[in-house]
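Architecture and fold: a report
What follows is the residue order along each chain.
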Amino acid sequence: MSPTGSMAVMEMKRVTPVASPPTKVRLEARGLTVRYGRRPALDGVNLAVAAGEITALVGPSGCGKSTFLQSLNRLTDLIPGCRVEGSVRLDGEEILAPGCDLLALRRRVGMIFQRPNPFPLSIRRNLELPLKEHGIRDPAERRAILEGALRDVGLWREVHDRLETPATGLSGGQQQRLCIARALALEPEVILFDEPCSALDPLASGVVEDLIHSLKGRFTVVIVTHNLAQARRIADTTALFWVVDGAGRLVERAPTERFFRAPQEALTQEYVTGMRG
Amino acid sequence: MAAGAVVLLIVAFLIRESVPALSTIGIGRFLHDPSWHPAGEASAGTFNLVPMLVGTLYLSLGALLLAVPAGVASAVFCQFYAPGRVAAVYRRSMELLAGVPSVVYGFWGLVTLVPLIRRLEPPGQSLLAGILILALMVLPTVALTAVAALAAVPRSYLQGAAALGLGRWATARRVALPAALPGILSGALLAAARAVGETMAVLMVCGNLVQVPSSLFDPVRALTANIALEMGYATAQHRSALFVSGLVLIVVIALLMALVERWGERADA
Amino acid sequence: MPEVRRGPDRLAALALWGIALGVMGTLGWILVDLLRFGLGGVSWSFLTEAPRDAGRAGGIGPILVSTVWILAVSLVVAVPLGVGCAAYLAEWAPTGAPLGRAVRRSLDLLAAVPSIVFGLFGMVFFSQILGLGFSILAGGLTLACMVLPILIRATEAGFRSAPQELRRGAAALGLSRGAALRHLLLPAAVPGLVVGLVLGIGRALAETAALIFTSGYVTRMPSSLLDSGRALSVHIYDLAMNVPGGEGNAYATALVLIVLLMAINGTASWAAEAWLGKGWTR
């Protein structure tokens, strides 16, 4: 075996092994191709997301990470001229099928955006509106869920005495946590994060990152980030997207430690060491 | 959804009502019949619309000839010559006057302007009165759009002119006005559309005689006034003819507004 | 701006000041006349009594009531239709859907129709074909048609002003289109709606010709929507053209009408400023 080869083997032995019993696959994309008009933004992506894990999608801007994320809850439907081909299965059910109940899908798969987007309503209404729309009629039940979600994101102490004030009056970090609480209140199975910290200051960023990390195990998390250090800190699995031959493709996917220490692809190696991207 | 359907319904209805006249009378007759006597003997009415078409044309053109220069001059005054407070007052007054109902303008014209004209030459209700009142009515439109267009001229142009030692008038005339021309043109076209569609004011001050005017002091009848005066008692064919004249008005105004859209795009380009 | 120096500059300045003063003067003349001849006639009794002697004496009480009723009918009809159409145009058919384009074209066309043609349409369709005769209802419905394009355009602008991330956020939470519309987008469109309302009401109050043939001439206090009723603008017309010696009350009525319009404009400006400060709703 070549010197690098034996070193690689030794590295792998030192690395924390991936959970040994076969992990359940929560979300799986097969041959996913997304086009805006003619141009394919994503081509032939095959990616399985394990349940309860945090999967990070990294890569330079414009290589389809956000597009991939948006196809997981069919938010791509909102983009005019966007066509999605291939297969995406949530717990085995095909979500790209025409008869798929979108409202129910988006309750099971929540999404947090790059810029916090609380509704221009009070904090309470921000949380209660989706609950009401999804059929939670009992006000007492709603209040309980509301408190639980706010506690989960660590906001309860800060805002419990001003729930009627506008959500837009909160700081950036608080707003983002509110958005997370809003999604959590619906008890999703999967939560998608699209660069959730990039619009926040470092302090708030840290708080939100810790929060995301704490969701592991209870939820399946997919997070798009261009912050490699962040991916390394919180993700169990990391995947690299890159523009190859004019379309975004999945280049490599591996458990985080192996992704950073001993990547298989040369591209990954160059990206991780900062020589490219 | 349903709302859109309503809109389409109205348009369709307007067209449908005109069809009988168009088919039974024929367009040629609208232009060449000896006169306009739709309720004429038995079924032999005559439908010459030319006097009214000419009336509307003269009224609108005359009004524009007065209102556009005056309006543009007011705008130049407002933007370049008036001290701040005065300009603000001027603009506010224009906005106020743009909202005055046409019936009030017509009323004032009837009790103030017409007697004055009558002193020059009877009967007083005349083409001149109509032109003057219409000019007053559309002037705020021209002025306000011109002000907006002038205000949108980039500061760099004006600074450049000043740096070259151009005086106020020279700057306004040679730099600002040309730059603001598309906007000013839209204002003029909008004013034209308003003038063509105006009913009450012309009804009240023009005398409403069916004739092609030979002098400014002749009474005249506009197409709009024609509809207003006769729709109360028009039957069948007559009414259909009125709808036709209505269609003509719509076509003209729609054309003017389409031109505004095109000029507007040029301004943004 | 450099000071006026040379001859042509001085001449131009003189001419422009002259024109401006001339224009202001003429328009001021009108306002002064209105105040001079009209103010004396306006009083509480004027506003509440019924007209006597064909309107030369007495007041405009029933006429005010009729005007309000006509306005109310037109708004009750136009606002839901207008908001609905605006919502449709802004949310469901923004890019080139054929129905959306057809509706927009028709709206543009409708905005080009002169008021007298609306009157003709209203008279034939509402009064005769639908059998409403001379009535407040017919007048209100006709006005609704006239006000609709204005309302739709302004409200659509209001909808468009809502940021796209609001819609995405709502979709990501699994809110239905209808729920997003009701709770989020409609409140965002309200300022646009208010602008549209003000412009529409302004047009409606100023409308004369269309009303003469749909809501009629009667000066009695209306007892139902099917009664004929005279609007303020129609009253001015009647006094001016058909009633010799009616100028005094015509001036007074005109003054009332203008004050009403100014009040509506003023309230709307105030409301718009009050709203602009807040970025949120309950």
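Conventions adopted
- Residues numbered from 1 in each chain as written.
- Chains lettered and ligands numbered in written order.
- Predicted model: local features only at pLDDT ≥ 70, side-chain atom pairs only at ≥ 80, totals over all residues.
- Helix = DSSP H or I, 4+ residues; strand = E, 2+ residues; numbered from the N terminus.
- Buried ≥ 20, exposed ≤ 12 C-beta atoms within 10 Å, placed from the backbone.
- Contact = placed C-beta atoms within 7 Å.
- Nonpolar A, V, L, I, M, F, W, Y, C, P; charged D, E, K, R; others polar.
- pLDDT = per-residue confidence, 0-100.
- Axes fitted to C-alpha atoms, helices over the stretch in contact; angles between N-to-C directions.
- Parallel < 35°, antiparallel > 145°, perpendicular 65-115°, else oblique.
- Left-handed = near helix turned anticlockwise from the far one by under 90°.
- Pairing = 2+ DSSP bridges.

1. Details of the overall build of chain A
Within chain A one finds 11 helices and 10 strands. Taken over the C-alpha atoms alone, chain A extends approximately 65 × 40 × 35 Å along its principal axes. Counting the 277 residues in chain A, one finds 45% classified as buried. Contacts in chain A between residues at least 24 apart in sequence constitute 69% of all its contacts with a sequence separation of at least 6.

2. Quick notes on the interface of chain C and chain B
In this complex, chain C contributes 63 residues to the contact, which on the side of chain B involves 56 residues. Every element with two or more residues in the side of chain C that touches chain B is listed here: helix 1 (7-38), helix 3 (61-92), helix 4 (98-111), helix 5 (115-129), helix 6 (136-160), helix 8 (177-206), helix 10 (232-241) and helix 11 (247-277) of chain C. If you tally residues by element for the side of chain C that touches chain B, the top one is helix 1 of chain C, at 14 residues. Taken together, the residues of the side of chain C that touches chain B break down into 48 nonpolar, nine polar and six charged.

3. Quick word on the confidence of the model for chain C
Residues and elements named next belong to chain C. The share of residues in chain C with pLDDT of 70 or more is 93%, and the mean pLDDT across the chain is 80. Low confidence marks residues 278-282, where pLDDT is under 50. Its contacts with residues over four positions away, or in another chain, come to 10 contacts. Scored as a whole, the predicted complex attains pTM 0.76, and scored at its interfaces, ipTM 0.82.

4. Quick notes on the packing of helix 6 of chain C against helix 8 of chain C
Residues and elements named next belong to chain C. Packing of helix 6 against helix 8 brings their axes to within 7 Å, and their N-to-C directions diverge by 150°. Between helix 6 and helix 8, the angle is such that the two are roughly antiparallel. Here helix 6 and helix 8 pass one another in a crossing that is right-handed. For the contact of helix 6 with helix 8, the residue count by class is 18 nonpolar, five polar and two charged.

5. Examining the interface of chain C and chain A
Taken together, the contact pairs 18 residues of chain C with 25 residues of chain A. Counting residues per element, the ones that place at least two in the side of chain C that touches chain A are helix 7 (164-172) and helix 8 of chain C. In terms of residue count, helix 7 of chain C provides more of the side of chain C that touches chain A than any other element does, six residues in total. Looking at the side of chain C that touches chain A, its residues break down into eight nonpolar, seven polar and three charged.

6. Some points on the pairing of strand 4 (residues 82-90) of chain A
Residues and elements named next belong to chain A. As paired strands, strand 1 (residues 25-36) and strand 4 are joined by eight bridges and run antiparallel to one another. Residue threonine 33 lies in a different strand from strand 4, and its bridge partner there is glutamate 85. With two bridges joining them, strand 4 and strand 5 (residues 93-94) adopt antiparallel strand pairing. Among the inter-strand pairings, leucine 90 is bridged to a residue of strand 5, identified as glutamate 93. What sits between strand 4 and strand 5 in their antiparallel hairpin is a turn of two residues, with aspartate 91 showing a positive phi close to 50°.

7. Notes on unusual backbone geometry
All names here are of chain A. Even without being glycine, arginine 74 reaches a positive phi, approximately 55°. Here arginine 74 is to be found in the loop between helix 2 (65-72) and strand 4. The class for arginine 74 is partly exposed, based on 18 C-beta atoms found within 10 Å. We note that aspartate 91 has phi near 50°; this positive angle belongs to a residue other than glycine. By the element assignment, aspartate 91 lies in the loop between strand 4 and strand 5. For aspartate 91, a count of 14 C-beta atoms within 10 Å puts it in the partly exposed group.

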